[in-house]
Structure formats: C-alpha cells, structure tokens
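Summary of structural features
Next come the chains, spelled out residue by residue.
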Amino acid sequence: MTTTPARLTVLAGPTAVGKGTVSADVRTRYPEVWLSVSATTRPPRPGEVDGVHYLFVSADEFDRMVERGDLLEWAVVHGRNRYGTPRRPVEERLADGKPALLEIDLQGARQVRKSMPDAHFVFLAPPSFAELERRLVGRGTEDAEERERRLSTARVELAAAAEFDLVIVNDDVHRATDELVRGMGIATR
Ligand SMILES: Nc1nc2c(ncn2[C@@H]2O[C@H](COP(=O)(O)OP(=O)(O)O)[C@@H](O)[C@H]2O)c(=O)[nH]1
Ligand SMILES: Nc1ncnc2c1ncn2[C@@H]1O[C@H](COP(=O)(O)OP(=O)(O)O)[C@@H](O)[C@H]1O
C-alpha cells in the first residue's frame, strides 16, 4: 500500500479512446473511488439514469449553475452540448479524504489545472490512431459526418498528451484501469 493522500484525479482523452469504458470498470472493480456525476444539457440515451450517469438539465438550469458558480469547470463538447462538473460534491469528497475521479474533456481538464493545480492529470491514449478510428466506428453511435468531426478534434487533442502528469495507453481495459487506480494510491487486486 502507498500512503499517497486522496486527491483529485482528472481523466481526459480523445473521443472513443475508452474513457467511459475505463470509468465504468473503475466503478465496478474499485467502488471505493468516487466518480463525479457531470451535469449536461444533452438528452439521456436509452438506459442512462438521471443522477447516475449524468445530471440531465435544461439549458436554463445549466445557465443558472454557471451563474451561481456551482460548476468547477464546464465546456461545450463536440460543438453541441454543455457539460460541467458540480463543485460541491468534489469538494466534499476531498474534504473527507476520499479518492475522487473526474472524466471530462480536454478543455475541462485545462480549467481544473488552473483552479486545482495539485490534482493528478491523466491522459488516456489509444494504441494508435487507426485503433481510435476503429473504436469510434465500432461503437456505432455517430454518423460518418460526426465521426469525421470528432476525429479531427481527436488529432488536435492527442497533441495535448504532453500537458498531463501521466499518459495511459488504453490497450487492455483492466490493465488501463489498474494503472489509473494505482496512480490514485490504491492497491490493485
Ligand atoms: N468539460 C467536461 N467534459 C465532460 C464532462 N462530462 C463529460 N464530458 C465529456 O463530454 C464528452 C461527451 O460525452 P458523452 O455525451 O457521454 O458522449 P461520448 O462522446 O459518447 O462519450 C466526453 O468527451 C466526456 O469526457 C464534464 O463534466 N465536463
Ligand atoms: N481497451 C479497449 N480495447 C478495445 N475496445 C475498447 C477498449 N476500450 C474501449 N473500447 C471500445 O471503444 C469504444 C469507445 O469507448 P468509450 O468508452 O465509449 O469511449 P469514450 O468514452 O472515450 O468516448 C466502445 O465501443 C468500447 O467498447
């Protein structure tokens, strides 16, 4: 066991690299890690539960959250919907000494770096660009035009890996998860 104190870990990376998959694996295998629930203006997908996967809010409610300073960071992602991290739950977890994880986009990660420079910034990278394309196509949730848009953003985002404290290649989900939680001071099992 390490004695690393609990701190905030921020996980970012390009579209379809597997951020959601790795976060879900953390949730299942390491339930002691608290995962932030983001607010979003995008509508829920089938199977998504309000308050579990996201807090699904209207554009007006999101505006109010921004105005009140309720969000630690927020961004327009993929040129469309807004996503943001509610500040209070993160601060409460950290005050309790519990490890906390945010899965957010690059713009959000850069904002958190400014406000919480002591956080641990982790970039999830694909084994190759071709594999990233395969995962995006394989997921089957975007049409060809949207995929092209996301891949051009991904090219720019991949260049930002050097800004991060740790780069984890998501070759195998369990392995990547274990590397992530070890970085949080948690012994893998
Ligand atoms: N800045 C920021 N980005 C977020 C937040 N929550 C999710 N995201 C990002 O929003 C993007 C879209 O997520 P989602 O709607 O689940 O669709 P996905 O592209 O299929 O994963 C992903 O890149 C997430 O990392 C947040 O609270 N803040
Ligand atoms: N290590 C991996 N090996 C192979 N496929 C993966 C791996 N991690 C994720 N995937 C697949 O890639 C696709 C994109 O993953 P997802 O978690 O939705 O990405 P993100 O949240 O980063 O946009 C999904 O179909 C997922 O099953």
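Residues numbered from 1 in each chain as written. Chains lettered and ligands numbered in written order. Predicted model: local features only at pLDDT ≥ 70, side-chain atom pairs only at ≥ 80, totals over all residues. Heavy atoms only, no water.

With that settled, consider the site of ligand 2. A16, K19, G20, T21 and R139 are the nearest of the 14 residues found near ligand 2. Between ligand 2 and T21 there is a distance of 2.6 Å, counted from an oxygen atom to a side-chain nitrogen or oxygen. A distance of 2.9 Å separates a nitrogen atom of ligand 2 from a polar side-chain atom of N170. Applying the majority rule of atoms within 2 Å of the grid points places ligand 2 in the largest pocket. Considering every element that reaches the shell around ligand 2, the biggest residue donor is helix α1 (residues 19–29), with three residues. Class assignment of the residues belonging to the shell around ligand 2 gives a composition of four nonpolar, five polar and five charged. (Near = heavy atom within 4 Å. Polar contact = N/O pair within 3.5 Å; in protein donor to acceptor, adjacent residues only side chain to side chain. 1 Å grid on protein atoms, 1.4 Å probe; cavity = no way out; pocket = protein on both sides within 12 Å on 5 of 7 lines; lining within 4 Å. Sits in = over half its atoms within 2 Å of the grid points. Helix = DSSP H or I, 4+ residues; strand = E, 2+ residues; numbered from the N terminus. Nonpolar A, V, L, I, M, F, W, Y, C, P; charged D, E, K, R; others polar.)

Turning to the site of ligand 1, a few remarks are in order. What surrounds ligand 1 is a group of 18 residues, the closest being S38, R42, Y54, Y83 and E103. One of the side-chain N or O atoms of S38 is found 2.6 Å from an oxygen atom in ligand 1. Backbone polar atom of G84 to an oxygen atom of ligand 1: 3.2 Å apart, as the coordinates give it. Residue composition of the shell around ligand 1, grouped by class: five nonpolar, five polar and eight charged.

Moving on to the pairing of strand β5 (residues 71–77). Burial analysis of β5 places five of its seven residues in the buried class, the great majority of the element. One ladder, built from six bridges, connects β5 with strand β6 (residues 81–86); its direction is antiparallel. For V76, the partnering residue across the bridge sits in β6 and is R82. Counting the residues that bridge the hairpin from β5 to β6 gives three residues, and of these H78 lies at a positive phi of roughly 55°. (Buried < 20%, exposed > 50% of the residue type's maximum accessible area, 1.4 Å probe, protein only. Pairing = 2+ DSSP bridges.)

For any two helices packed against each other, one specifies the inter-axial angle together with the distance between the axes. Where α1 contacts helix α7 (residues 173–183), the two axes come as close as 9 Å, and the packing angle between them is 70°. One way to sum up the angle between α1 and α7 is to call them roughly perpendicular. Here T21, V22, D25, V26 and R29 of α1 come into contact with α7, specifically with V173, H174, A176, T177, D178, L180 and V181. Its residues placed into classes, the contact of α1 with α7 shows six nonpolar, three polar and three charged. (Axes fitted to C-alpha atoms, helices over the stretch in contact; angles between N-to-C directions. Parallel < 35°, antiparallel > 145°, perpendicular 65-115°, else oblique. Contact = heavy atoms within 4.5 Å.)

In spatial order, the strands read β2-β7-β1-β8-β9; together these five strands make up an open sheet with parallel pairing. A strand with exactly one partner marks an edge of an open sheet, and here the two such strands are β2 (34–35) and β9 (166–169). As defined by bridge partners, strand β1 (residues 8–12) adjoins strand β7 (residues 100–103) across four bridges and the pair is classed as parallel. For L11, the partnering residue across the bridge sits in β7 and is E103. Its contacts with the sheet put α1 on β1, β2, β7 and β8 (120–125), and the angle it makes with β7 is roughly 160°. Lying on the sheet, helix α4 (residues 106–115) is in contact with β1, β7 and β8; it crosses β1 at an angle near 155°.

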